[in-house]
Every structure is written in structure tokens, then in C-alpha cells.
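The chain contents come next:
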2 protein chains.
Amino acid sequence: MSKYWSEVVRTIEPYVPGEQPQVEGLIKLNTNENPYPPSPRVVQAVSEDVMERLRFYPDPNATELRRAIARYNHLDESWVFAGNSSDEVLAQAFMAFFQQDKPLLFPDITYGFYPVYCQLFGIETVKVPLAQDYSLGLAQYRQPNGGIIFPNPNAPTGLETCLDDIEQLLSDNAESVVVVDEAYIDFGGTSAVALLEQYENLLVVQTFSKSRALAGMRVGFAMGNPVLIEALERVKNSFNSYPLDSVAQLAATAAIEDVAYFEGCCRKVIATREATTEQLTALGFDVIPSKANFVMAKPPASLAAKSVAQLLRNRKIIVRYFDKPRIDEYIRISIGTDDQMQRLIAALTEIIKAPGSAAQ
Amino acid sequence: MSKYWSEVVRTIEPYVPGEQPQVEGLIKLNTNENPYPPSPRVVQAVSEDVMERLRFYPDPNATELRRAIARYNHLDESWVFAGNSSDEVLAQAFMAFFQQDKPLLFPDITYGFYPVYCQLFGIETVKVPLAQDYSLGLAQYRQPNGGIIFPNPNAPTGLETCLDDIEQLLSDNAESVVVVDEAYIDFGGTSAVALLEQYENLLVVQTFSKSRALAGMRVGFAMGNPVLIEALERVKNSFNSYPLDSVAQLAATAAIEDVAYFEGCCRKVIATREATTEQLTALGFDVIPSKANFVMAKPPASLAAKSVAQLLRNRKIIVRYFDKPRIDEYIRISIGTDDQMQRLIAALTEIIKAPGSAAQ
């Protein structure tokens, strides 16, 4: 704390990302990264004499990338906004749409960055409790609000909200912007992009960090009515005119254009997730049905989730544990390769068998 | 305008960056890019199997890069903060330090992004007029304030403020954070880094976009007392945990470690600037003495700056013209290669000789 700090810096509780430990031989299942590398086209795109051109500023509008995203989603490019990660795009959306007289609504169990943006930008919030089965409980979103945001599938539960429910939410809240944060949509979920033409209050946010294996490149994007896109552009151009560097623009363009590779990786992750869910269930875990590249799994009754996470760590397998009400009985496991998941299952089998090792 | 926009989006006037036209054979002297490519080490650093690793998140703390910046500046790494361009770092500094009860002071003629950040973050400002000779007029900064920021050398004048004056400013305003924006310091100016140990209220911001020829990579950084750095970290971790992608971290680290290449490029730019200044003066231009990689030049009395800029553009040479009081009689010319500047001088010679071509 310092006399030089502004009020918001004094009071804010920053987001804490999953760790990025640099340990040899680690099985890293804590930050939902893709177990497969990005498309080989990404490597090609970046190695071709791009470096010489780095002395020039990048295209501030990321035109080629936005066009490629638009093509993939059958939209006009004026419906697409790109930024330095979906976290940044979300932050910009909070400034652009949610600084209102009425509170922002989002689930009580959700992506941990939302309340942080609200603190940073002085946005009042109402946290809407998830239903007992961890579904959104959409009826509770029929209250005065200055915006709504939720991830679909939700994080960290992995549970999907169906399009019919989202459509109901959009028509119930026509005066507010509804942001559907689809970071994990490509692993079997149904995107709300299909609703964009009908609902001018819908903004869909996606990322290259998960399904396109470019977490290290930091590229995210939003899709919505051009009037919403214009608002995001205005915030962007008041903060950093060129948020995406030249290499990131090229890499992401190459990644989204390689549809076959992308679909292959997603299929593999989905298959591994389904197999892992079965094996976890067979071990006595209670697994929330996931449409994401992670699963939330509650250990058998005799074991504490926190201890299981620690015992896995002792075996060089890192999963994520959230010390928060309602989810503190679960561990969140990112879906790795089949081989990594076999080692996880073997480790969990050992842990379960060792009497008293992770007792509640 | 839309009912969905927040108040700040409705009212803000976004920054307008210099254009990035994609025209064959253009001599681009409008955005102060380096005429020389980045260090060859940058290419090496990025080509070495970095792409495979892009599926992982980058180091959120940019540790290696911050260490390299610290080494170059003879500081501990706890004195260094890195971000996605110095624009982003400046925006974060505005949030961290300048959201105060008292107004922020900055020059009336200065970097155009400052007033935009103030609008975005609701910061009250007092614009302090430059003196007649375009110097900062430091005596006027002795008024109640919640912070001070200015570029050194100033942009777009190129004029340097000497360290003695900066030191006076720091001790006169010990209760405020003073940000010295040194985007152009490496072209012959004297950095305020030397004052960091003595003044805990000093933050120095620099960029890789100019002297290190990495405008396309978007890397900027701040140096200051660890208490100030902590405030920036808190803002960063409330907005985007990983603002710098893996490639950018590697590229910038390689660039700052190649000291010999960097110094060679800076020497060439300085030599070209001095030669250009002489030639412009010989043609009747009034040139503000510059310590940056650009010069502000007022055409001979019979010519209007705006017309000169247009006539250069007709000849495929782009310079920057600011339609603002006190600087609208100047064109701002980025320093290119010797060859590019010869073509500029030849074009200006033609323009001056053609009677009435660019009359006031």
C-alpha cells in the first residue's frame, strides 16, 4: 500500500491465474490448455520473413484476422472484434456495456475474472446462484439489470446452457447486453453465434487459447451486431490502438483457416474427456457432465478434494482446486492426451487405495 | 450511438493513430518507426521451436524479459514492469496513479493519447501550456496536482527536457507520481532512469517500438520503485493476466540483449537526423531541435504545412500533419534511411521551387 496508489488499486483483489510452473516431466492439467500443438500452418505463417516487418506497426484493425474469423462464422467482418486475449476483450466489453446505473448479473460460480473487472471499472453486480444441479437458473435473471454475462459452457463447472434457454434470456432482457463467454464452446457445445442476427443485444466472446491451442499467443475475439462492435472499437482505440502484434495476427489467421486440423484436435479432446469421465466415475468420482476441455470431479466420500489435489501434485500431476463454497469438494481436471489421462487415472487409483491418505 | 453503450463510450473521443497504408513503394515517415529491422537475434529467438509451446500460456510475469530490461538498466527486476506496448503501460499507470482527487498535469502540446486515457478513466486534467520556445515551462507545474506526465523528448516536438529540470519537478511534487514517457529517449536524450533510486515518485516508461525496431511486436515497459511497480501489477492482474505473448517476450528479450546492434541503429538514426535537419534548414525550414527519431519542421513562410504534407503524399512520401493550434504550421517527419531522406529532400526542393504550389 502506498500514498501514490489510486483508490481502485488500494481496494482491488486481482485475479489469480492458474500457475505456470516450469518443472521437468510435469503433467499440467490445471489451466485448460490444449494437449495438442497449434496447427502446423501457424509455424509456416510466422517463419516467412515476418520478422523484418516487425519494425512497422501492426494493422491496428487486424483486418485479415477479423476476415478469417468472419468467414469461419459466416458473418460479415463488421460483426467481428479482435483483441489481445478474450480476457482483454471481456474487460473492454465490461467498459463498453456494463458501466450502467443498474447492476450486472452473473452466476455465483463462474469465471473468476468477472468480479475483478467489476471492481476495476466500478460496476455494481448481483451474483445469481446456480441451481442445485449447477445449471444457470435462468428464471432468476428476470430482474432489473444493466447487463448479463455468463460462460457457456460455464467455468469451472463445464456445464452447457442450451440455445433455447439463451434465446429466452435474450428476449427477456432486450434492453441489456448479454455476453455469452464461449471460451470452451468448441468441445461439443452449441455456439450462440446462430442467434446473432436475431438479437442485437447479444455479444459472443471466444478465444484462440483453448480449442486452437494458442494460449501462448493471446488472441481473443467478440462477435455481435456492428453497433456493439463499434463500442468495443471505441474502447480499444482509447486504450491501445494496436493490441494485437503482427505475429499474433498471422498465427491466429493461420489457425482459424486450418479447419480440418482444428476439428481433429477437438474430436480427440472430446473423446478423451468422455473416456476420462467414465473412468473417474468407475473410481467413484462424481463428475459434472462437461462440454468443455476439463471436468469437475468430486472424489469418493472418504476423500477431500484438496488433499487429492495435493497428492496428485506430489506425483507431478497438477490439477486446479478452488477453495470456494459449493465447488470446494471438486477438483478441476484439464483434458490432456490419452497418455496423460491414463497416468492421472493410475495416480488416482493409487490415492484411493492408500487407506487414509486423503481422508476428509 | 446506441442504447447499449455505456456513458464513457458515448462521450469518449478515441485516439487516432498514424495511418498504416499498404502502398507499394511508399516512403513512410509518419509513425516514427525505425528504418532498420530488429536485431537478427530476434529472428533466431523466435524461430527456435517456439511454436510448439504456444499451446501453453506465456509466463504471466514476463520474468526473463523483465530481467533483461533490468540488467540493461542496472536495476533489480522488481523495479521493472512489462506490458503489451507502452500505450498499454501508460493506460495502466493512469489507472494506478492518476485517478486522484486532484487533476493530472500535462503539456498542452503532447502525446495525443493522454487526454484520451483521462476521458476513459474519468481523470480531471489541467493542460499546462508549453513555453514560446516549446519547452515544458516547468515553473507552471507548481500547482496542486494528482500526478504529472510528459514525454521526454516531448512528442511531437522532439524537444528534450534536461535531467536537472526533471529533478526539480520531482522534488517539487514529492506527493505525486511523475511519469516520464521516454518513448524516444534512445536517440540522444538522457534517461531519467538515473534518478529512480533517489525519487520514489518517479516512473519511467519506455518502448521497444522505436529504438529497438519492434513496433509490430507491441512491447513496452515501466521502471520505478517496487511500490509503484506493484500498483501496475495489481492493475494488470485485474485486466489481463498475460498481456505479453510468448513470442513477444522472446523477441523483446533478444532485442534488448543485442546492445551493439541497438547502439549502431541509434547512431545511424541520429546521424541521419542531424544531416536532415541541416538540409531542411538550408531549404528555409524552421526545425525544432530534436532528440527523437523525428523532426518537426516549419516550411518557409510562403508555404502551408498542410499543403506540403499533401504534395509529399502525391509523391508517395507520407509525413504526419497535426491540425492543432501552435503545431499546425509544422510537418512531423520520421527519420528514415539516408536514401529515404534524400528522396524527401529532393521532393521538398521541387515543392519549394514550383511557384504557388503550396502557398499559404
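Looking up chain A in an unreviewed UniProt entry gives the name Histidinol-phosphate aminotransferase, with the organism given as Gilvimarinus gilvus. Turning to chain A, the UniProt annotation filed under Pathway (unreviewed entry) states: "Amino-acid biosynthesis; L-histidine biosynthesis; L-histidine from 5-phospho-alpha-D-ribose 1-diphosphate: step 7/9." What UniProt records for chain A under Subunit (unreviewed entry) is the sentence "Homodimer."

Q: Explanation requested: the overall build of chain A in the structure shown.
A: Across its full length, chain A carries 11 helices and 12 strands. Its C-alpha atoms give chain A a radius of gyration of 21 Å, within 12% of the compact-globule value 21 Å for 360 residues. When the backbone C-alpha atoms are referred to their principal axes, chain A occupies close to 60 × 55 × 50 Å. Across the 360 residues that make up chain A, the buried fraction comes to 63%. Working note: accessible area of chain A is about 13200 Å², and carbon and sulfur atoms make up 50% of it.

Q: Would you mind going over the environment of Lys324(B) with me for this structure?
A: All names here are of chain B. With respect to the helices, strands and loops of the structure, Lys324 is situated in the loop between strand S11 (317-318) and strand S12 (331-334). Lys324 sits in the partly exposed class, given a relative accessible area of 42%. C-alpha of Lys324 to C-alpha of Ala292: the two residues are 32 residues apart in sequence and 20 Å apart in space.

Q: Just checking my understanding: could you explain unusual backbone geometry for this structure?
A: Only a minority of non-glycine residues have a phi that is not negative, and only a minority of peptide bonds are not trans. Residues and elements named next belong to chain B. Here the amide bond leading from Asn152 into Pro153 is cis, since omega sits at -5°, within 30 degrees of zero. The topology assignment puts Pro153 in the loop between strand S5 (148-151) and helix H6 (163-172). Residue Pro156 follows Ala155 across a cis peptide bond; omega there is 5°. Within the fold, Pro156 resides in the loop between S5 and H6. Even without a glycine there, the phi angle at His74 is positive, about 55°. When you line up the elements, His74 lands in the loop between helix H3 (63-72) and strand S2 (80-83). Of note, Lys316 is a non-glycine position whose phi angle comes to about 65°, a positive value.

Q: What is the right way to look at the pattern of salt bridges in this model?
A: Here the idea is simple: oppositely charged side chains can pair when their charged atoms come close. Scanning all chains against the criterion turns up 32 salt bridges over all chains. Linking Glu329(A) and Lys298(A) is a salt bridge whose minimum nitrogen-to-oxygen distance equals 3.2 Å. Within this pair, whereas Glu329(A) is found in the loop between strand S11 (317-318) and strand S12 (331-334), its partner Lys298(A) is found in strand S10 (residues 294-298), the two being separated by 31 residues in sequence. Among the salt bridges present, the one from Glu350(B) reaches Arg315(B), with a minimum N-O distance of 3.1 Å. Taken together, the positions of Glu350(B) in helix H11 (residues 338-353) and Arg315(B) in the loop between helix H10 (305-314) and S11 put the pair 35 residues apart, joining distant regions of the chain. Each of Glu64(A), Arg67(A) and Glu77(A) takes part in one network of salt bridges that share partners.

Q: Help me out: how do you make sense of the sheet that holds strand S9 (residues 286-287) of chain B in this one?
A: Sheet strands line up and pair through hydrogen bonds in the backbone, either parallel or antiparallel. All names here are of chain B. Strand order in the open sheet made by the 3 strands is S9-S10-S12, with antiparallel pairing throughout. Each edge of the open sheet carries a strand with a single partner, namely S9 and S12. Bridge count for S9 against strand S10 (residues 294-298) is 2 bridges, and the pairing is antiparallel. Note on S10: the bridge partner recorded for Val287 is Ala297. Against the sheet, helix H9 (residues 259-282) makes contact with S9, S10 and S12, and its axis sits at roughly 5° relative to S10, the strand it touches most.

Q: Explanation requested: the relation of the copies chain B and chain A in the structure shown.
A: One chain copy maps onto the other through a rotation about an axis and a shift parallel to that axis. For the pair chain B and chain A, the best superposition has an RMSD of 0.0 Å and corresponds to a rotation of 180° with a translation of 0.0 Å parallel to the axis. Taken together, the rotation and translation describe the operation of a two-fold axis. Both copies contact each other with a shared surface, as 100% of the interface residues of chain B are interface residues in chain A too.

Basis of the calculations
- Residues numbered from 1 in each chain as written.
- Chains lettered and ligands numbered in written order.
- Predicted model: local features only at pLDDT ≥ 70, side-chain atom pairs only at ≥ 80, totals over all residues.
- Heavy atoms only, no water.
- UniProt positions renumbered as here; feature names shortened; annotations may be inferred.
- Helix = DSSP H or I, 4+ residues; strand = E, 2+ residues; numbered from the N terminus.
- Rg over C-alpha atoms; globule rule 2.2 N^0.38 Å.
- Buried < 20%, exposed > 50% of the residue type's maximum accessible area, 1.4 Å probe, protein only.
- Areas by Shrake-Rupley, 256 points an atom, 1.4 Å probe, with all protein chains shown as cover.
- Salt bridge = Lys/Arg side-chain N within 4 Å of Asp/Glu carboxyl O.
- Pairing = 2+ DSSP bridges.
- Contact = heavy atoms within 4.5 Å.
- Axes fitted to C-alpha atoms, helices over the stretch in contact; angles between N-to-C directions.
- Least-squares fit on C-alpha atoms with pLDDT ≥ 70 in both.

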